[in-house]
Amino acid sequence: MNGTSVDRLRARTVVRRVSEAFRNREGLLTNVDDLVENQLPSGVGKRSREHALFLFYVVPNDHGVKSSRLYTRAKALFCARPLLFEPLEILGEFNGPDDDRLVEATGVALGTRYPKETAKGWYRNTVRLVDEYDADPRRLFTSSSDATVLLRHIQGFRGYGPKTGGMLLRALVGLGFAAVNRLGQVALPVDIHDSRISFFTGILTCSDGDAPEDGDYYRFVPVVQQVLLEACNTLRISWLDVDRALWLIGSKGCAVRDCGRCPIADLCRATSGFGGAGIQEQLSL
Ligand code: SF4
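Description of the structure in this document. (Residues numbered from 1 in each chain as written. Predicted model: local features only at pLDDT ≥ 70, side-chain atom pairs only at ≥ 80, totals over all residues. Heavy atoms only, no water.)

Structural notes on the overall build of the protein chain
Step number 1: Within the protein chain, the regular secondary structure consists of 14 helices and two strands.
Step number 2: Taken over C-alpha atoms, the radius of gyration comes to 19 Å for the protein chain, in line with the 19 Å a tight globule of 285 residues would show.
Step number 3: Taken over the C-alpha atoms alone, the protein chain extends approximately 60 × 35 × 35 Å along its principal axes.
Step number 4: Residue burial in the protein chain is summarised as follows: out of 285 residues, 52% are buried.
Step number 5: Pairs at least 24 apart in sequence give 70% of the contacts found in the protein chain among residues at least 6 apart.
Step number 6: Carbon and sulfur atoms make up 47% of the accessible area of the protein chain, which amounts to about 12,500 Å² in all. (Helix = DSSP H or I, 4+ residues; strand = E, 2+ residues; numbered from the N terminus. Rg over C-alpha atoms; globule rule 2.2 N^0.38 Å. Buried < 20%, exposed > 50% of the residue type's maximum accessible area, 1.4 Å probe, protein only. Contact = heavy atoms within 4.5 Å. Areas by Shrake-Rupley, 256 points an atom, 1.4 Å probe, with all protein chains shown as cover.)

Printed below as a string of structure tokens:
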């Protein structure tokens, strides 16, 4: 990318460090309850059809909102209205993707950024799940043992982009819903947290400063995906734990400035003062 330099050695240092820290459950990574892998509504069995349905409907809405809040609301919704997660019941109950009652029951209840979009996805994904996978997401989750193909199948559903699709894939593998090969060919589900951390740790540097002047970290997501994947593959480290670690550091560390417990604090410009006030201000976003 023009005006941006990449430090691949630094990327490998960060990847190795967060991978080890996640394995040893250090600092911010001690408690992993917030991960999507650990979201199970009360009374639902792990790897059950209900568990699969819960993930299938909730994960595409995990963007533009605080994940922990979404998960808490989603688990409560599942317990209060389990039929909202039953494909045939949804098609019988609601008149279509624009039904106001569905908007209220899903997007509004979950507090998503775009409730109407949530309802549209909820309904249209249901239709597709019924038509192509016999109303059982586990059939989707086992539709290919090739990670790249499985991700493509997942991304065929509404709301599943590079981030949410990769996040679901990560959860499916971690939970044992899916066994796949060629994971090293799939890009990490990088979000703005990872992009910021890449600048904070010096993996990326802009020619006009340590961080993008306009604060737009989103546009660096593709390059961060590529650099982190390359580092993982070079080190022969699965990106699954690296992604989990970066997600936890971003959401539990950077977002609330809990840098004292961060396993990469000594690599981070935000704590050393290098980069100055600009980085500190961006941390509060
Ligand atoms: S800003 Fe703080 S929590 Fe985020 S990577 Fe740097 S040291 Fe870690």
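Next comes the rest of the description.
A short note on the site of the ligand
Step number 1: Every one of the 12 residues lining the ligand counts as a neighbour, but Gly253, Cys254, Cys259, Cys262 and Cys268 are closest to it.
Step number 2: When contributions to the shell around the ligand are tallied by element, the ones reaching two or more residues are α12 (239-253) and α13 (269-272).
Step number 3: Its residues assigned to classes, the shell around the ligand comprises 10 nonpolar, two polar and no charged. (Near = heavy atom within 4 Å. Nonpolar A, V, L, I, M, F, W, Y, C, P; charged D, E, K, R; others polar.)

Some thoughts on the packing of aromatic side chains
Step number 1: Applying the stated criterion across every chain yields a total of 12 aromatic pairs.
Step number 2: Ring plane angle 80 degrees and centroid distance 5.0 Å describe the contact between Phe56 and Tyr57, whose orientation is recorded as edge-to-face. Each member of the pair, Phe56 together with Tyr57, is buried.
Step number 3: On the accessibility criterion, Phe56 (1% relative accessible area) is buried.
Step number 4: Joined through ring pairs, the aromatic side chains of Phe54, Phe56, Tyr57, Phe78, Phe85, Trp122, Tyr133 and Phe157 make up one cluster.
Step number 5: A cation over an aromatic ring shows up here: Arg25 above the ring of Phe22, its NZ or CZ 4.4 Å from the ring centre. (Phe/Tyr/Trp six-rings, centres within 6.5 Å; stacked < 30°, edge-to-face > 60°. Lys NZ or Arg CZ within 6 Å of the ring centre and 35° of its normal.)

Comments concerning helix α1 (residues 8-23)
Because each turn of an α-helix spans 3.6 residues, side chains separated by three or four positions in sequence point in the same direction.
Step number 1: Helix length check: α1, at 16 residues, gives a terminal C-alpha distance of 22 Å against a target of 22 Å (1.5 Å per residue), a fit within 8%.
Step number 2: For α1, the complete set of buried residues consists of Ala11, Val14, Val15, Val18, Ser19, Ala21 and Phe22. Burial along α1 is one-sided: seen end-on, the buried residues are contained in an arc of 165 degrees. For α1, the exposed residues lying more than 90 degrees away from the buried face are Leu9 and Arg23.
Step number 3: Packing partners of the buried residues in α1 comprise α11 (221-235) and α12.
Step number 4: Measuring from the side-chain oxygen of the N-cap residue of α1 to the backbone nitrogen of Leu9 gives 3.2 Å; that N-cap residue is Asp7.
Step number 5: In the stretch just after α1, Arg25 is the one whose phi turns positive, near 50 degrees. (Expected span 1.5 Å × (residues − 1). Arc of directions from axis to C-beta. Polar contact = N/O pair within 3.5 Å; in protein donor to acceptor, adjacent residues only side chain to side chain.)

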